[in-house]
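Below, each chain spelled out in residue letters.
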Amino acid sequence: MLASTDTIFGGAFQGRRVLLTGHTGFKGGWLSLWLSQLGADVTGIALPPEAGDSFFDSCGVAGLLDSRFADIRDAAKLSGATDGLDAELLIHMAAQPLVRLSYAEPVETFATNVMGTAHVLELAKKMPNLRAIVVVTSDKCYDNREWEWGYRENDALGGADPYSASKGCTEILAHSYRRSFFQDPDGPSLATVRAGNVFGGGDWGAERLVPDIIRAATHAERLTIRNPVSVRPWQHVLEPLSGYMMLSAKLLQDGHAFEGAWNFGPDTSSTVPVRVLTEAFRTAWGSGFDVTYGDPGNVLHEAGLLRLDSTKAQTKLGWRPQLSLQEAVQMTADWYRDHADGRKMAERSKAQIEAYSSRMTHSDAPQESSHIKEGAPTKDAKPVDFEFEFRSE
């Protein structure tokens, strides 16, 4: 167990029964590894890992927990796979996570992200000792108006593409379940969490920027970047995961006082255009691939500017980003280099978690968010507690 991290989370996960959906995915694999280091008793529910490279296989995640396979779109099979399971903490991460795939498979995207979440929350209602539920959605859940300032938890939900719309719907669904079924003071509390564009070692997803960069770098190929000027809130995977865990610990301890929606985004300095992140990776990698910017054949809508305001998490949880963009890029490049060299990636990943945990332990006191720009609404303009709106064109 990581002593430094245990100090941060107050031993909240030691011996705790945790149900984690999506454990075979990129973020789910990292969270599985971190929870196991903290002494949690984790059961994972997900589809089998995709063929080829994966964090799940590279780091031996299957050996760290009770790994079960089921499709969350199938309520009967999901129920069968979790029969008799009584978790204390449920973290729902299983999802269809790709914007461009959602154009090709919109129905499947809504089925997974919306109805799949409903099936998981139905399971939650049947667990007598469940204390906390964390539903992971996305920064894409907001009605993106291409604002210069960051979106807050009480800004309107929306979504022009099927993926973003599915995440807005997931937020509304979770809000409905919280108000309808999880209001008992002695029952479980439900929160939703929204992060930025996450990257880190072990992501080999299709049509995702950093995996595309790594594939080009490792094979010395030319990379074509379709939207180089699009601005995104980039962050290393451990940044939002640390926030999810801090929130989970608070939900387990203090319950309904910490329910509702939470942003865990990067500082403004890490909210940069695609081109800037790509060049940072070229510098970190050193050599080996060329880049062509711009793809005039791309006609699918993707947001041009997206920022998150994480003031609520900083002030109420004491959470804050720990890594500069350069540090996050270097950590990621180092991970993939070690993987390409055939090193033991479980040990490499544990070492990165330990280093990040040490950073959390010795971090300065959280500062007020720098996301709010001049002329943007202040946090006093509306209540901070989550009350959603949904806008349509």
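About the thresholds
Residues numbered from 1 in each chain as written. Predicted model: local features only at pLDDT ≥ 70, side-chain atom pairs only at ≥ 80, totals over all residues. Heavy atoms only, no water. Helix = DSSP H or I, 4+ residues; strand = E, 2+ residues; numbered from the N terminus. Buried < 20%, exposed > 50% of the residue type's maximum accessible area, 1.4 Å probe, protein only. Contact = heavy atoms within 4.5 Å. Areas by Shrake-Rupley, 256 points an atom, 1.4 Å probe, with all protein chains shown as cover. Pairing = 2+ DSSP bridges. Axes fitted to C-alpha atoms, helices over the stretch in contact; angles between N-to-C directions. Core = buried A, V, L, I, M, F, W, Y, C linked by side-chain atoms within 4.5 Å. Parallel < 35°, antiparallel > 145°, perpendicular 65-115°, else oblique. Nonpolar A, V, L, I, M, F, W, Y, C, P; charged D, E, K, R; others polar.

A. Spatial organisation of the overall build of the chain. Looking only at helices and strands, the chain features 13 helices and 12 strands. Here the chain holds 393 residues, and the buried ones make up 56% of them. Long-range pairs, those at least 24 residues apart, make up 82% of the contacts in the chain between residues at least 6 apart in sequence. Carbon and sulfur atoms provide 49% of the accessible area of the chain, an area that totals close to 15900 Å².

B. The arrangement of the sheet that holds strand 1 (residues 17-21) in detail. Here we have 7 strands laid out as an open sheet, ordered 3-2-1-4-5-6-10, and parallel in their pairing. Across the chains shown, the open sheet's two edge strands, defined by having one partner strand only, are strand 3 (66-69) and strand 10 (260-264). For this sheet the average axis-to-axis angle between neighbouring strands, irrespective of direction, equals 20 degrees. For strand 2 (residues 41-46) and strand 3, the ladder comprises 4 bridges, and the chain directions are parallel. Paired with I45 across the bridge in strand 3 is R68. Across the sheet, helix 2 (residues 26-37) is in contact with strand 1, strand 2, strand 4 (89-92), strand 5 (132-136) and strand 6 (189-195); its angle to strand 1 comes to roughly 165 degrees.

C. Looking closely at helix 8 (residues 209-218). Burial of helix 8 is extensive: 7 of the 10 residues sit out of reach of the surface. Of all the residues in helix 8, the buried ones are L209, V210, P211, I213, I214, A216 and A217. Looking at the buried positions of helix 8, the neighbouring elements they touch are strand 7 (197-199), strand 8 (222-225), strand 9 (231-236), helix 10 (274-285) and helix 12 (325-340). At the C-terminal side of helix 8, A220 shows a positive phi close to 55 degrees.

D. Looking closely at the nonpolar core. Counting 76 residues, the largest nonpolar core has F13 and W34 as its most contacted members. Sort the elements by how many residues they give to this core and helix 9 (residues 238-254) lands first, with 9 residues. Those residues in contact with F13, other than ones at most four positions away along the chain, are L35, L38, G39, A40, L89, M245, S248 and A249. Counting residues in each nonpolar core, the second largest holds 24 residues, with L19, I72, V135 and L190 among its members.

E. Representation of the packing of helix 2 against helix 13 (residues 345-361) in the model. Where helix 2 contacts helix 13, the axes come no closer than 11 Å and their chain directions differ by 70 degrees. Classified by the interaxial angle, the pair formed by helix 2 and helix 13 is roughly perpendicular. Taking contact as the criterion, the partners of W30, L33, W34 and Q37 in helix 2 are, on helix 13, A346, S349, K350, Q352, I353, Y356, S357 and M360. Each residue belonging to the contact of helix 2 with helix 13 can be placed in one class, and the counts come to 7 nonpolar, 4 polar and 1 charged.

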